[in-house]
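The chain contents come next:
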Amino acid sequence: MTTDVVLDEPTEIYTAYFHTVQELTEALTAADTLGLGVRVESYTVTPEDDPDAQTTEFKFTLLAEQPVHSEEA
């Protein structure tokens, strides 16, 4: 018998968008120091004036607590 466990999503405190890995690293270090959770997503940006130049940017979401991951059996 398996029981499905529904986990609540952690409360989002703050969302920021970073253009460099250095900015992201500073935010991650601060969140770790405070014991808060984070969610990081990366995406590619293509400038309209130069379609051949792509950069990677980051969406950083600060969470009130560490997210809980469950493993399915």
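Shown above is the structure to which this text applies.
What you are looking at is a predicted structure, and each value in this text was computed from that prediction instead of being measured. (Residues numbered from 1 in each chain as written. Predicted model: local features only at pLDDT ≥ 70, side-chain atom pairs only at ≥ 80, totals over all residues. Heavy atoms only, no water.)

A. Structural view of the overall build of the protein. The helix and strand inventory of the protein stands at 1 helix and 3 strands. Each helix and strand of the protein, ordered N terminal to C terminal, gives the series β-α-β-β. Split into buried and exposed, the 73 residues of the protein put 19% on the buried side. Summed over its atoms, the accessible surface of the protein is roughly 6000 Å², and 50% of this surface lies on carbon and sulfur atoms. (Helix = DSSP H or I, 4+ residues; strand = E, 2+ residues; numbered from the N terminus. Buried < 20%, exposed > 50% of the residue type's maximum accessible area, 1.4 Å probe, protein only. Areas by Shrake-Rupley, 256 points an atom, 1.4 Å probe, with all protein chains shown as cover.)

B. Structural detail: the pattern of salt bridges. Counted according to the given criterion, the structure contains 1 salt bridge. When the shortest N-O distance is used, the salt bridge between R39 and E12 registers 3.0 Å. Of this pair, R39 sits in strand 2 (residues 37-45) while E12 sits in strand 1 (residues 12-18), placing them 27 residues apart in sequence. (Salt bridge = Lys/Arg side-chain N within 4 Å of Asp/Glu carboxyl O.)

C. How the structure looks around the sheet that holds strand 2. Across the sheet, which stays open at both edges, the 3 strands sit in the order 1-3-2 with antiparallel pairing between neighbours. The sheet terminates laterally at strand 1 and strand 2, the two strands that pair on one side only. Adjacent strand axes in the sheet meet at a mean angle of 15 degrees, parallel and antiparallel pairs treated alike. Direction of pairing for strand 2 relative to strand 3 (residues 55-63): antiparallel, over a ladder of 9 bridges. Each bridged residue has a counterpart across the sheet, and for G37 the counterpart in strand 3 is L63. Its contacts with the sheet place helix 1 (residues 21-34) against strand 1, strand 2 and strand 3, and it is angled at close to 15 degrees to strand 3. (Pairing = 2+ DSSP bridges. Axes fitted to C-alpha atoms, helices over the stretch in contact; angles between N-to-C directions. Contact = heavy atoms within 4.5 Å.)

D. Up close: helix 1. End to end, helix 1 covers 20 Å across 14 residues, agreeing with the expected 20 Å (1.5 Å per residue, within 8%). The complete set of buried residues in helix 1 reads L24, A27 and A31. Considered in projection along helix 1, the buried side chains sweep an arc of 65 degrees and stay on one side of the axis. Those residues of helix 1 that are exposed and aimed more than 90 degrees away from the buried face are Q22, E26, D32 and T33. Elements in contact with the buried residues of helix 1: strand 1, strand 2 and strand 3. (Expected span 1.5 Å × (residues − 1). Arc of directions from axis to C-beta.)

E. Local environment of the side chain of T61. Checked against the element boundaries, T61 lands in strand 3. Those residues in contact with T61 that lie beyond four places of it in its chain are E12, Y14, T15, G37, V38 and R39.

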